[in-house]
Amino acid sequence: MTFSADSIEGRDIAFQMHQNTDLRQYEQTGGLVIESGDGIYVTDNQGKRYIEAMAGLWSVALGFSEPRLVAAAAKQMALLPYYHTFNDKTHGPSVDLAELLISLAPVPMSKVHFTSSGSEANDLACKMVWYRSNALGKPAKKKIIGRIKGYHGVTIAAASITGIARNHQSFDLPLDRMIHTSCPSYVHFAEPGESEASFTVRMLNDLENLILEEGADTIAAFWGEPVMGAGGVLMPPVGYWQGVQAILRKYDILFVADEVITGFGRTGKLFACETWGIEPDMMVLSKQISSSYMPLSAVLLNDAVYQPIADESVRQGTFGHGFTASGHPVATAVGLENINIILERDLVGHAARMERHFLAGLSALAEHPLAHSSRGVGLIGALELNPWSGGAGMAAAALKTACQAEGVMVRNIGEAICFCPPLIITEQQISEMFDGVGRALNRLAESH
Ligand code: PMP
């Protein structure tokens, strides 16, 4: 498609470097301009409306037109548009949100430290883990275990903990302190004939063997998303999280739960740690914390993590870390209002109640000849396709395009298309979303 130089598409190609894309191809094809949002829908600059079946980037829990978030932002902008939390300064919205997060945490947590993105939060959590090891007089205890296909962001430490090749290659990553254990997706990595229970045992053995090979005294923390998101909505096999938790306790390794996608109701509980009985030492939160109306993320740390860090800050004269926008008053005011709305409207219970209809719709789609299987929990799921002979991921890429033509915005990852709609989605809208995907599958089957 060619765009005139003065069109928004043409100027976008001319001036903006895009994310997560083949840049040369983008120079030719350009992008889709989204202009407005209304509930679970967004509209492009040609007036075409789409169901945002990914809630943007897994994040817009309240949909694209929540007036109370607009009002909360405007009110705070007028009162105090900016202040920081350096040194001895603080402000109401950051305190209110920190207190609320501590009260909602699924396990006892001591402190909240705000950041602006999931990547920043993971980088900071990593620095905290290292700082703590030094504080405890264990300078060799620094390695971090991530997982193949795990995703934790793109800043240097977060990308290193991430276990996805394209986030490492040519960026000279991962850092050598970051190591990776097996991906526990039974659908993708089970041996022929292997039961789910045996698969779980093998995954746990892989983790324990890695710890023993590297030396438990050298390993500070394990990072995990309760459900792997950007890896392709990969579900943990039965018994996996209990097993991981036991191994980490045995070897005195911290458990960092990355709930950037799963936090605030996505799995039908407020936090996915509750869904699987995970008891993390630290939690990383973002996305649905503010429905992404403002950039906001948070690291929660328990007393065992916080106390040594606080002692070390005395020895160092300060905790030598801080961001200009940490705890930003407008972002935290919006986050506070957003979580209050999620709680008031019981959107966590709503996600749990919608789960049956959502998963049933997905498994009905999995009956299609082009499909392989489906999976999910709460309001996050994926439809796995049979691979096409032309190349890895081609079927899912084609289906994503066909869905878009049918007015449903999904994301293709590997051989799957992923669903993570706004939490406000109704039963009828779930049907509308999957009807669109069904039409796209049929259209694809005819043309393929
Ligand atoms: N952790 C997880 C689990 C994520 O899904 C993401 C983003 N998709 C991140 C971290 C990074 O967040 P951000 O893009 O805000 O840096």
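The structure reproduced in this document is the subject of the present report.

About the cut-offs
Going along each chain's sequence as written, the residues are numbered from 1 onward. Only residues with pLDDT of at least 70 are given local features in this predicted model, and only at 80 or more are side-chain atom pairs given and counted; all residues enter the totals for whole chains, interfaces and linings. Each side-chain value is derived from all of the structure's non-hydrogen atoms; neither hydrogens nor water enter the calculation. Starting at the N terminus, helices and strands are each numbered in turn, a helix being any DSSP run of H or I of at least four residues and a strand any DSSP run of E of at least two. Based on C-alpha atoms, the radius of gyration is set beside the globule rule, defined as 2.2 Å times the residue count to the power 0.38. Relative accessibility thresholds used throughout: buried, under 20% of the residue-type maximum; exposed, over 50%; partly exposed, between the two (1.4 Å probe, protein chains only). Accessibility throughout is a Shrake-Rupley quantity obtained with a 1.4 Å probe, and a residue counts as covered only by protein chains that appear here. For the charge count, each Lys or Arg is scored as positive and each Asp or Glu as negative, with His and the chain ends excluded. Here the site of a charge means NZ on Lys, CZ on Arg, CG on Asp, or CD on Glu. At least two DSSP bridges between two strands are required for those strands to pair. Only buried Ala, Val, Leu, Ile, Met, Phe, Trp, Tyr and Cys residues count toward a nonpolar core, and they belong to the same one when joined by side-chain atoms within 4.5 Å. When we say a residue is near a molecule or strand, we mean one of its heavy atoms is within 4 Å of it. Pairs of N or O atoms within 3.5 Å make up the polar contacts considered here, provided that, within protein, one atom can donate a hydrogen while the other can accept it, and that residues adjacent in sequence are counted only when both atoms are side-chain atoms. When residues are grouped by polarity, Ala, Val, Leu, Ile, Met, Phe, Trp, Tyr, Cys and Pro land in nonpolar, Asp, Glu, Lys and Arg in charged, and all others, Gly among them, in polar. Helix axes are fitted to C-alpha atoms over the stretch in contact, other axes to C-alpha atoms as well, and angles between N-to-C directions run from 0 to 180 degrees. Contacts are assigned to residue pairs with any non-hydrogen atoms lying within 4.5 Å of each other.

## Things to note about the overall build of the protein chain
Across its full length, the protein chain holds 16 helices and 15 strands. Expected size for 448 residues packed as a compact globule is a radius of gyration near 22 Å; at 22 Å, the protein chain falls within 12% of this value. The C-alpha extent of the protein chain, read off along each of the three principal axes, is 65 × 60 × 45 Å. Taking all 448 residues of the protein chain together, 56% fall into the buried category. If you sum the accessible surface of the protein chain, you get close to 19,400 Å²; carbon and sulfur atoms cover 53% of it. Computed over 33 positive and 47 negative side-chain charges, the separation of the two mean positions in the protein chain equals 3 Å.

## Notes on the pairing of strand S12 (residues 380-385)
A large share of S12 lies buried, amounting to six of its six residues. Because side chains alternate across S12, one face comprises the buried residues Ile380, Ala382 and Glu384, and the other comprises Gly381, Leu383 and Leu385, equally buried. For strand S11 (residues 371-377) and S12, the ladder comprises six bridges, and the chain directions are antiparallel. Opposite valine 377, over in S12, you have isoleucine 380 as the bridge partner. Relative to strand S15 (residues 416-419), S12 is paired through four bridges, and the arrangement is antiparallel. Following the sheet pairing, alanine 382 is matched in S15 by cysteine 418.

## Quick look at the nonpolar core
Core analysis: the largest hydrophobic core is formed by 103 residues, its most contacted members being Leu101, Phe222, Leu383, Phe419 and Met433. Within the second largest apolar cluster, 24 residues are counted, among which are Ala221, Trp223, Met282 and Val305.

## Quick notes on unusual backbone geometry
Residue proline 174 follows leucine 173 across a cis peptide bond; omega there is 5°. Within the secondary structure, proline 174 sits in the loop between helix H7 (156-161) and strand S6 (178-181). For lysine 149, which is not a glycine, the phi torsion comes out positive at approximately 75°. If you trace the backbone, lysine 149 turns up in the loop between strand S5 (143-147) and H7. Of the residues examined, lysine 149 reaches a relative accessible area of 29% and is grouped as partly exposed. Even without a glycine there, the phi angle at phenylalanine 264 is positive, about 65°. By secondary structure assignment, the location of phenylalanine 264 is in the loop between strand S8 (254-258) and helix H11 (272-276). Given a relative accessible area of 0%, phenylalanine 264 falls into the buried group.

## What about the site of the ligand?
Taken together, the residues surrounding the ligand are Ser117, Gly118, Ser119, Asn122, Tyr151, His152, Gly153, Glu225, Asp258, Val260, Ile261 and Lys287. Here a nitrogen atom of the ligand and a side-chain polar atom of aspartate 258 are 2.7 Å apart. One nitrogen or oxygen atom from the side chain of lysine 287 is found 2.9 Å from a nitrogen atom belonging to the ligand. Considered on its own, the ligand offers 390 Å² of accessible surface; in the complex 83% of this is hidden by protein. Take the shell around the ligand: its biggest share by element is three residues, from helix H6 (residues 118-135). Looking at the shell around the ligand residue by residue, the class counts come to three nonpolar, six polar and three charged.

## Section: the sheet that holds strand S14 (residues 411-413)
Read across the open sheet, the four strands follow the order S11-S12-S15-S14; overall the sheet is antiparallel. Among the strands making up the open sheet, the edge pair consists of S11 and S14. Each strand of the sheet is rotated relative to its neighbour by a mean of 25°, with strand direction disregarded. The sheet strands contacting helix H14 (residues 347-365) are S11, S12 and S15, and the helix crosses S11 at an angle near 170°.

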